[in-house]
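In case you want the letters, here they are:
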Amino acid sequence: MQKRPSSSAKARVLFLAPEAPYPVRGGGPLRSASLLEYLACRFSVHAIVFRQPGDPNPAQAIPAGRIEKLDVVELPYHSKHPLARAFRNSRRLIRNIPPLMDRFAGFEERIAALAGGYEFRFAVIEHFWCASYVDQLRPSCQRVILDLHNIESAWYESLAGSEGAARAWVLRRFAAESAVLERRWLPKFDSLLVTSNQDARLMRGMVQSAVPTIYPNALPEIAPPTRQEGYEIAFSGNLEYQPNISAIRFFREKIWPVLRCRPDLTWKIIGKNPEAIRGIIGGDPRIVVTGFVENAVRTLASARVAVVPLLAGSGTRVKILEAWAAGTPVVSTTIGAQGLESRDQEHLLIADSPDRFAAAVSRLLDSAEDRVRIGAAGRKLYEERYTWPKAWKALDTVFENAVETDVV
């Protein structure tokens, strides 16, 4: 067996992220954790991560041995009260800066100081929100790589299509400004990582010189959980994330009233920040909100059907990967399954209108044969394409010839 290079023999890599990959709570940290695990096996990693007030200490959450050096940039407190958010976003509209670009802006001197004094083979920046720091990292790094979890302009435009007129106008303003920033910043990077072929096409449409690498969202290798189906359907995700809020509202108002006619059927909603949807579910005793769970795959394994009624988004949905890993059949909108290499009627069921979505869920609730067939096909696809080791193969071409081996 080839010996793992010692820390002193490995090239140095800088990893900059707007949120700590660990603890893994949500699709964003999960993607970042996957990339960090890949880098840690091959390089000496210096990580710089931002921390929101009240979040866990990243130094205690990151597993031992993953990084050689960690720096934490503390973000100022921002109230989550709706009025405070409205005021901040009004100021951002006036200044023509999208919310998350604004949230992580203004730390140029701090980032330059933390990166200065070292020489790195690569710098990897997570999320477009931190793309502007390429100028601070470039002097210390031979190559700078940007990992795009979403195409921001497409994300805002997609979300605008599911909102009312006033909010849609605001979101389209942010979409337009994001497109301006994408055309400005993306050409500055040596390599660009995207989640899907669709995002790659969008990027090439904005930046003709772009040659993105498709690095899919994925999960760690997870053994098939024991399935003990209850009479329930499940939705999972960060419940503060706006596309998830819109999806829950759409399902609650348009689809759930049809399905609720089935005696004893329960709708389980799994995810952190449950307070964000309390007003939508309206105290229905057959809607169970679990809050954050440590093992979403195991929890999904108790559901007969996983529902993904998304109306907006970019990138690809980790919630579908988790359901596939659980062997739970999925019913999704077209946009919910966007970017995943899957086939309708084989790996999941696609339905966009409320009546067709309800009919697809009902079909699976009533047919154990269909549940087993589609759940097994989803599990197989996860094993073949969407585990971390399978996804990492796409990174080898980006980081090829950069791993230094032990001196004999």
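Since the structure is predicted, the reported quantities are computational estimates derived from the model, not experimental observations.

Cut-off values and rules
- Residues numbered from 1 in each chain as written.
- Predicted model: local features only at pLDDT ≥ 70, side-chain atom pairs only at ≥ 80, totals over all residues.
- Heavy atoms only, no water.
- Buried < 20%, exposed > 50% of the residue type's maximum accessible area, 1.4 Å probe, protein only.
- Helix = DSSP H or I, 4+ residues; strand = E, 2+ residues; numbered from the N terminus.
- Pairing = 2+ DSSP bridges.
- Right-handed = clockwise from strand over helix to strand, strands pointing away.
- Contact = heavy atoms within 4.5 Å.
- Polar contact = N/O pair within 3.5 Å; in protein donor to acceptor, adjacent residues only side chain to side chain.
- Core = buried A, V, L, I, M, F, W, Y, C linked by side-chain atoms within 4.5 Å.
- Expected span 1.5 Å × (residues − 1).
- Salt bridge = Lys/Arg side-chain N within 4 Å of Asp/Glu carboxyl O.
- Axes fitted to C-alpha atoms, helices over the stretch in contact; angles between N-to-C directions.
- Parallel < 35°, antiparallel > 145°, perpendicular 65-115°, else oblique.
- Left-handed = near helix turned anticlockwise from the far one by under 90°.
- Nonpolar A, V, L, I, M, F, W, Y, C, P; charged D, E, K, R; others polar.

**Student:** I'd like to hear about the pairing of strand β11 (residues 305–308), residue by residue, with values.
**Tutor:** Of the two faces of β11, the one holding Val 305 and Val 307 and the one holding Ala 306 and Val 308 are both buried throughout. Relative to β11, strand β8 (residues 232–236) runs parallel, the two sharing 2 bridges. In the strand pairing of β11, Ala 234 is matched with Ala 306. As paired elements, β11 and strand β12 (residues 330–332) share 3 bridges and run parallel to each other. From the neighbouring strand, Val 308 faces β12, where its bridge partner is Ser 332. The parallel pair β11 and β12, bridged by helix α13 (residues 318–326), forms a crossover whose chirality is right-handed.

**Student:** So what's going on with the environment of Asp 199? Residues and values would help.
**Tutor:** Counting through the fold element by element, Asp 199 comes out in helix α9 (residues 197–206). With 51 residues separating them along the chain, Asp 199 and Leu 148 place their C-alpha atoms 9.1 Å apart. Those residues in contact with Asp 199, other than ones at most four positions away along the chain, are Asn 150, Ile 151, Val 194, Ser 314 and Gly 315. Within polar-contact distance, the side chain of Asp 199 engages the backbone nitrogen of Gly 315 at 3.4 Å.

**Student:** Break down the nonpolar core for me, citing the residues and quoting the values.
**Tutor:** Counting 87 residues, the largest nonpolar core has Leu 39, Ile 233, Trp 267, Ile 269 and Phe 399 as the members making the most contacts within it. Per-element accounting of this core gives the leading share, 8 residues, to helix α10 (residues 242–259). The residues contacting Leu 39, other than those within four sequence positions of it, are Val 13, Phe 15, Val 45, Val 124 and Phe 399. Of all hydrophobic cores here, the second largest spans 39 residues; its members include Phe 104, Tyr 133, Leu 137 and Leu 186.

**Student:** Any details on helix α15 (residues 368–385)? Residues and values, ideally.
**Tutor:** With 18 residues, α15 extends 26 Å from end C-alpha to end C-alpha; this agrees with the ideal 26 Å at 1.5 Å per step. Taken together, the buried positions of α15 are Asp 370, Arg 371, Ile 374, Gly 375, Ala 377, Gly 378, Arg 379, Leu 381 and Tyr 382. In this structure, the buried side of α15 is in contact with α13, β13 (349–350) and α14 (354–366).

**Student:** So what about the pattern of salt bridges? Which residues, and what values?
**Tutor:** Taken as a whole and assessed by the stated rule, the structure comprises 23 salt bridges. We note a salt bridge from Arg 85 to Glu 240, for which the minimum N-O separation is 3.0 Å. Taken together, the positions of Arg 85 in helix α3 (residues 82–95) and Glu 240 in the loop between β8 and α10 put the pair 155 residues apart, joining distant regions of the chain. Since its relative accessible area comes to 24%, Glu 240 is described here as partly exposed. Ionic pairing is found between Glu 346 and Arg 343, a salt bridge with its closest N-O pair at 2.6 Å.

**Student:** Quick rundown of the sheet that holds strand β4 (residues 120–126)? Include the residues and the values.
**Tutor:** The parallel open sheet is built from 7 strands, whose spatial order is β3-β2-β1-β4-β5-β6-β7. Two strands close off the open sheet at either side, each with one partner strand: β3 (69–74) and β7 (213–214). Where β4 and strand β5 (residues 141–147) come together, 6 bridges link them in parallel fashion. If you follow Phe 120 over to β5, its bridge partner there is Cys 141.

**Student:** Describe in detail the pairing of strand β9 (residues 266–270), supporting the description with residues and values.
**Tutor:** Regular strands place their side chains on alternate faces of the sheet. Among the 5 residues that make up β9, 5 are buried, leaving the element largely enclosed by the rest of the structure. Here β9 shows a buried face lined by Thr 266, Lys 268 and Ile 270 and a second buried face lined by Trp 267 and Ile 269. Of the pairings in the sheet, the one linking β8 to β9 comprises 5 bridges and is parallel in character. Opposite Ala 234, over in β9, you have Lys 268 as the bridge partner. Two strands pair when backbone bridges link them, and β9 and strand β10 (residues 287–291) are joined in this way by 4 bridges, in the parallel orientation. Following the sheet pairing, Ile 269 is matched in β10 by Val 289.

**Student:** So, unusual backbone geometry: which residues are in play, and what are the values?
**Tutor:** Residues Tyr 22 and Pro 23 are joined by a peptide bond in cis, for which omega reads 0°. Tracing the chain through its elements places Pro 23 in the loop between β1 (12–17) and α1 (27–40). A positive phi angle, close to 75°, is found at Asp 264, a residue other than glycine. Within the secondary structure, Asp 264 sits in the loop between α10 and β9. On the basis of relative accessibility, which here comes to 63%, the residue Asp 264 falls in the exposed class. Here the phi dihedral of Gln 345 falls at roughly 75°; this positive angle occurs in a residue that is not glycine.

**Student:** Would you mind going over the environment of Phe 251 in detail, with residue names and values included?
**Tutor:** Within the secondary structure, Phe 251 sits in helix α10. Considering only alpha carbons, one finds Phe 251 and Pro 354, 103 residues apart in sequence, at a separation of 7.9 Å. Setting aside its immediate chain neighbours within four residues, Phe 251 contacts Ile 233, Trp 256, Pro 257, Leu 259, Trp 267, Val 307, Pro 309 and Phe 357.

**Student:** Help me get a handle on the packing of α10 against α14, residues and values and all.
**Tutor:** Between two packed helices, both the angle of their axes relative to each other and the distance between the axes serve to describe the pair. Where α10 meets α14, the axes come as close as 9 Å, and the angle between the chain directions of the two elements is 50°. Taken as axis vectors, α10 and α14 run oblique relative to one another. For the element pair α10 and α14, the recorded crossing hand is right-handed. For the pair α10 and α14, contact is made by Phe 250, Phe 251, Lys 254, Ile 255, Val 258 and Leu 259 and by Pro 354, Phe 357, Ala 358, Val 361 and Ser 362, respectively. Looking at the contact of α10 with α14 residue by residue, the classes come out as 9 nonpolar, 1 polar and 1 charged.

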